[in-house]
Amino acid sequence: MSEVTDEGAKKAIRVALCGNPNVGKSSLFNALTGSRQHVGNWPGVTVERKSGYRNYRGHRIEIVDLPGTYSLIASAKDEEVATRYIIEEDPDVVLQVVDSSNLERNLYLTMQLMEFGKPMVLAMNMSDITEERGDSLDLDALKRFLGTPAVRTVASQGIGLEDLLDAVVGAATKPPADRRVGYGELEATISDLREMIDKDGEISSRFSSRWMATRLIENDSYVRRLLSDRSIWQDIEPYLSRMDREESEMDLADSRYSVIDEVVVLSCRRCKPKRSVSDNMDRVLVHKYLGIPIFLILLWGAFELTFSAATPFMDLIDSGFAELGTWVADNVQPDWLASLMADGIIGGVGSVLIFLPNIIIMFLILGILEDSGYLARVAFLMDRLMNRIGLQGKSAIPLLMGFGCNIPAIMATRSIDDRKDRLITIMATPFMSCSARLPVFILFAGAFFSHMAGTIIFMMYMIGIVVAIVTAKLLRTFVFKGEPSAFIMELPPYRLPTIRSVGVHTWDRAYMYVRKAGTIILLGVVAIWALASLPFGVEYGGEDSWIAIIGKVFEPLVEPLGFDWRIAVALLFGFIAKEIVVGGLMTLYGAGESEDALTDALKADGSLNQVNAFGLMTFSLLYMPCVAAAGVIWGETRSWKWTLFSVAYGIAIAYVIALLIWQIGGPLFG
Amino acid sequence: MSLADPPVGGTVYVTSIRGSGSIRGRIMAMGLVPGTAVEIIRRAPLGDPLEVRVKGYNLSLRAQDALLVMVSSELPARARNDPKGLGGV
């Protein structure tokens, strides 16, 4: 079971950490491993893989945090990831975190885990809540009945960790208790299937045939794949198609829950959850008429807080980096090195860090809303609306956050468990007009639509929303077709969030942003700097710089949109951040640092009128928000394909709409 | 009658789960198995999804998925599969 590593007498124990969502699994993982964690991805899927270790009494205990699941039938990605880890990587101990205040549903996963035949340990978590409300859990009865060690824990306060580690070490050194759910009449079917599976020595020596037989009845795609290219499949498949598989599947679930009924009766006194406080809160928070207004007010408050609280920090970062840049420009020789350091690297690092206050504050608020259980209510409130556009309730938060800043919004899609829904939400979010696009709108609406600037800006937001909806619809119809994802979600009782858990959550996001997205952002910024500064000796972004040359190369391409090369260059600058479009135009129109001078220059120039100005605003709205957003899309999807798709699709949509505006609007109003 | 039908406040019992595919398995994993009592708590302000209480916790599901859950207002007399409990195999 355990193995001796080269480091001497230390024994390595590998632990798979399982559990339902919302049971404190992450808290327990963090409490057990501290900062000794490694975050990666499961091979081939965009599901995060967290692992960590703990040295305990001479053992090196390696813990892999499996995705939170309610069951282990490999039909969804998370379930398959968990199943495959337990089957293929053969951990020494399976540790399940159980919410003691919700035994019945939690034990369903236990019943399925027991079928793997591995040593198990149960962490009876949140036992404080259970005891507070006067239930008593008879751990000895539970242990006797299940044949599994069970330890009381309160992960959020670090209670019970040593006992739990002792139990893990104990379980790793003893053979597992051979306890399985008995399936009554179905046992005959199971033994028929086992007999067929056992004929294949290679398969049956690697996997438990009882586990495979039950999963076949439940139509588990992973087990079907394991067996479908074996010769025994020729007997198994007709057998499965002859039986009433659906009825049998129901019987399996039924038997598991009957066993659970017995466990609960034997081990729990007064274990009937009372949720009076939570239910009373819900009477207001998801009230028929009050629910949605309360949500909108809370959302508005969150925005206000995020931006008002972040602004001083952002100004500090901005001026700090500007000052540093000026100092470098004045004191470093030669000039090209000063420019590389000031405009390229310092500017680049600055443009990564500038979003950090936003991200930290947004995720502190979001973490509180999530841990308290309110985000599940938001999904409940908004699901109908979101479902209409091919999304689900949990997509509402990222989309609405997108109006503030797309970056934390895209990162917030992590709460969407369905992979397809999450990808569609990520692809739709960049069209929600973030605050960085506002300066561009203000400039052009002010210069060309002074009498109706507000209406024009409002139209931009509306165009963004429509494009986001159409994008979601298109992806749902043509790319992610097939069975629509069900919306079956637990509404957990309201809980007081802990500082520790919200802090860890926020730190995780901030770290991911700086480390993963930051690299790409920096690369993008330095590339744009190089194009604007080369060849040596040109004015930054001036007429002879490479970026201007590229702008001129692109001129024939943007001409049908009514843009000249200067606009093309400004749009290239806009890849760094949308507000730089304005700064880029100032350089190109020789307007210095004054926005009023730029307004006059734009009006006097004659190459822009209301129609192509509107087209330019639309183009700025729709093409890639900024290199940081692309970096975050890569960080979240871990897919170059989807990152490139998002960028290319945004540019294509922007191009087509601006083209239509100029080609149709030009002759009409121009 | 399906779980999408009963009025808010009522309690019904699951008789069977229709349909096929992964949704069915998910519904059952969440505790909606034959014989289980389900209390209808509320509908979302926009009419959908539905919030129910099952096995002591609150679950929300869309009417479209609730259609797969067949229920009756009385505890069904369905001959229960007779499990042997936990034991060594």
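Residues numbered from 1 in each chain as written. Chains lettered and ligands numbered in written order. Predicted model: local features only at pLDDT ≥ 70, side-chain atom pairs only at ≥ 80, totals over all residues.

Novice: Where do I start with the overall build of chain B in this structure?
Specialist: A tally of helices and strands in chain B yields 2 helices and 6 strands. Counting helices and strands in the order they occur from the N terminus, chain B gives β-α-β-β-β-α-β-β. Scored against the burial criterion, the 89 residues of chain B give a buried share of 46%. Taking contacts inside chain B between residues at least 6 apart in sequence as the whole, the part at least 24 apart equals 59%. (Helix = DSSP H or I, 4+ residues; strand = E, 2+ residues; numbered from the N terminus. Buried ≥ 20, exposed ≤ 12 C-beta atoms within 10 Å, placed from the backbone. Contact = placed C-beta atoms within 7 Å.)

Novice: Help me understand the overall build of chain A, please; the structure alone is not making it clear to me.
Specialist: Regarding its fold elements, chain A presents 30 helices and 12 strands. Taking the principal axes of the C-alpha coordinates as reference, chain A spans close to 85 × 55 × 55 Å. Looking at chain A as a whole, 50% of its 670 residues are labelled buried. Taking as baseline every contact in chain A between residues at least 6 positions apart, the subset at least 24 positions apart corresponds to 72%.

Novice: Please clarify how the sheet that holds strand β2 (residues 37-43) of chain B should be interpreted in this entry.
Specialist: Consider a sheet: its strands pair through backbone hydrogen bonds, and that pairing is either parallel or antiparallel. If you trace the 6 strands from one edge of the open sheet to the other, you get β12(A)-β4(B)-β3(B)-β2(B)-β1(B)-β5(B), paired in antiparallel fashion. Edge positions in the sheet fall to β12 (488-490) of chain A together with β5 (69-72) of chain B, since each of these pairs with one other strand and no more. On average, adjacent strands in this sheet sit at an angle of 40 degrees to one another, irrespective of strand direction. Taken together, the 3 bridges between strand β1 (residues 11-17) of chain B and β2(B) define a ladder with antiparallel strand orientation. Residue B:Y13 lies in a different strand from β2(B), and its bridge partner there is B:A37. (Pairing = 2+ DSSP bridges. Axes fitted to C-alpha atoms, helices over the stretch in contact; angles between N-to-C directions.)

Novice: Can you walk me through the interface of chain B and chain A in this structure?
Specialist: Note on interface size: it is often stated as the accessible area lost on association of the parts. Contacts between chain B and chain A engage 41 residues on the former and 49 residues on the latter. Where the side of chain B that touches chain A is concerned, the elements lending two or more residues are β1, α1 (22-29), β4 (57-61) and β6 (86-87) of chain B. Take the side of chain B that touches chain A: its biggest share by element is 7 residues, from α1(B). Of the residues that constitute the side of chain B that touches chain A, the class distribution is 18 nonpolar, 14 polar and 9 charged. In this sheet, β4(B) lies alongside β12(A) in antiparallel orientation, the contact comprising 3 bridges. Each residue of the ladder has a partner; that of A:M489, found in β4(B), is B:S60. (Nonpolar A, V, L, I, M, F, W, Y, C, P; charged D, E, K, R; others polar.)

Novice: I would appreciate a short explanation of the confidence of the model for chain A in the present structure.
Specialist: A low pLDDT score tells you not to read the predicted coordinates there in detail. A residue-level look at chain A finds 93% of positions with pLDDT of 70 or above and a mean pLDDT of 85. Every residue in residues 1-9 of chain A is under pLDDT 50, and counting partners more than four places away or in other chains gives 15 contacts. (pLDDT = per-residue confidence, 0-100.)

Novice: I would appreciate a short explanation of helix α30 (residues 640-669) of chain A in the present structure.
Specialist: The periodicity of an α-helix, 3.6 residues per turn, causes residues three or four positions apart to be oriented the same way. Residues and elements named next belong to chain A. An ideal rise of 1.5 Å per residue puts 44 Å on 30 residues; α30 measures up with 41 Å between its terminal C-alpha atoms. Taken as a whole, α30 has its buried residues at T643, S646, V647, Y649, G650, A654, A658, I661 and W662. In the core, the buried residues of α30 are packed alongside α20 (419-428), α28 (610-622) and α29 (627-637). (Expected span 1.5 Å × (residues − 1).)

Novice: I keep staring at the pairing of β1(B) and nothing clicks. Help me out?
Specialist: Along any regular strand, the residues point their side chains to alternate faces of the sheet. Pairing between β1(B) and β5(B): 4 bridges, direction antiparallel. In the strand pairing of β5(B), B:S16 is matched with B:M70.

Novice: What exactly am I supposed to notice about the packing of helix α24 (residues 546-558) of chain A against helix α25 (residues 565-573) of chain A here?
Specialist: In a packed pair of helices, the relevant descriptors are the angle between the two axes and the axis-to-axis distance. Residues and elements named next belong to chain A. Contact geometry of α24 with α25 gives a least axis separation of 7 Å together with a crossing angle of 115 degrees. When the axis of α24 is compared with that of α25, the two are roughly perpendicular. As for the relative orientation of α24 and α25, their crossing is right-handed in sense. Across from I547, A548, I550, G551, K552, F554, E555 and V558 in α24, the residues of α25 making contact are W565, R566, I567, A568, V569 and L572. Counted by class, the contact of α24 with α25 contains 10 nonpolar, 1 polar and 3 charged residues. (Parallel < 35°, antiparallel > 145°, perpendicular 65-115°, else oblique. Left-handed = near helix turned anticlockwise from the far one by under 90°.)

Novice: Quick question: what am I supposed to make of the environment of A:G574 here?
Specialist: Residues and elements named next belong to chain A. Structurally, G574 is set in the loop between α25 and α26 (579-588). On the basis of neighbour counts, which here come to 27 C-beta atoms within 10 Å, the residue G574 falls in the buried class. Along the primary structure G574 and I232 are separated by 342 residues, whereas in three dimensions their C-alpha atoms are 60 Å apart. With residues up to four places along the chain from it excluded, the contact list for G574 reads I580, V581 and S620.

Novice: Just checking my understanding: could you explain the nonpolar core for this structure?
Specialist: One recurring pattern in soluble globular proteins is that nonpolar side chains are buried together. In terms of nonpolar packing, the biggest core is built from 217 residues, with A:A16, A:L17, A:A123, A:V168, A:I407, A:F444 and B:L32 touching the most fellow members. In contact with A:I407, other than residues within four places in its own chain, are A:F355, A:I359, A:A628, A:A629 and A:V632. (Core = buried A, V, L, I, M, F, W, Y, C linked by C-beta atoms within 7 Å.)

Novice: How should the packing of helix α3 (residues 103-114) of chain A against helix α12 (residues 245-267) of chain A be read in this particular structure?
Specialist: All names here are of chain A. The contact between α3 and α12 brings their axes to 9 Å, and the two run at 125 degrees. Relative to α12, α3 is oriented oblique. Along this stretch, α3 crosses α12, giving a crossing that reads as right-handed. The segment α3 lies against α12, with L103, E104, L107, Y108 and M111 engaging R256, Y257, V259, I260, V263 and V264.

Novice: Help me out: how do you make sense of helix α14 (residues 291-331) of chain A in this one?
Specialist: Residues and elements named next belong to chain A. Between the first and last C-alpha of α14 there are 59 Å, a value that for 41 residues agrees with the 60 Å anticipated at 1.5 Å per step. Along its length, α14 shows its largest kink, about 40 degrees, at T311, and proline P312 lies within four residues downstream of that point. Residues of α14 that are buried include every one of G291, F295, A302, T306, A310, I317 and G325, and no others. (Bend = angle between axes of the 7 residues up to and from the residue.)

Novice: Looking at this structure, I do not really get the domain arrangement of chain A. What am I missing?
Specialist: The assigned domain composition of chain A is domain 1 (3-173), domain 2 (186-269), domain 3 (291-434 + 465-481 + 500-515) and domain 4 (520-669). Here the C-alpha centroids of domain 2 of chain A and domain 4 of chain A sit 59 Å apart. (Domains from an automatic or database assignment.)

Novice: Where do I start with unusual backbone geometry in this structure?
Specialist: Trans peptide bonds make up the majority, and among non-glycine residues the majority have a negative phi. Note that the residue after A:Q333, namely A:P334, is joined by a cis bond; omega there is -5 degrees. Note that A:P334 resides in the loop between α14 and α15 (335-353). Cis geometry marks the peptide bond from B:D48 to B:P49; its omega dihedral reads -5 degrees. Tracing the backbone through its elements, the reader meets B:P49 in the loop between β2 and β3 (50-54). Within the chain, A:D90 stands out as a residue other than glycine whose phi angle is a positive 50 degrees. Structurally, the position occupied by A:D90 is in the loop between α2 (77-88) and β6 (93-99). Classification of A:D90 as exposed rests on a count of 12 C-beta atoms within 10 Å. The phi dihedral of A:N219 is positive, around 60 degrees, even though this residue is not glycine. Examined against the element boundaries, A:N219 turns out to sit in the loop between α9 (209-217) and α10 (221-228).

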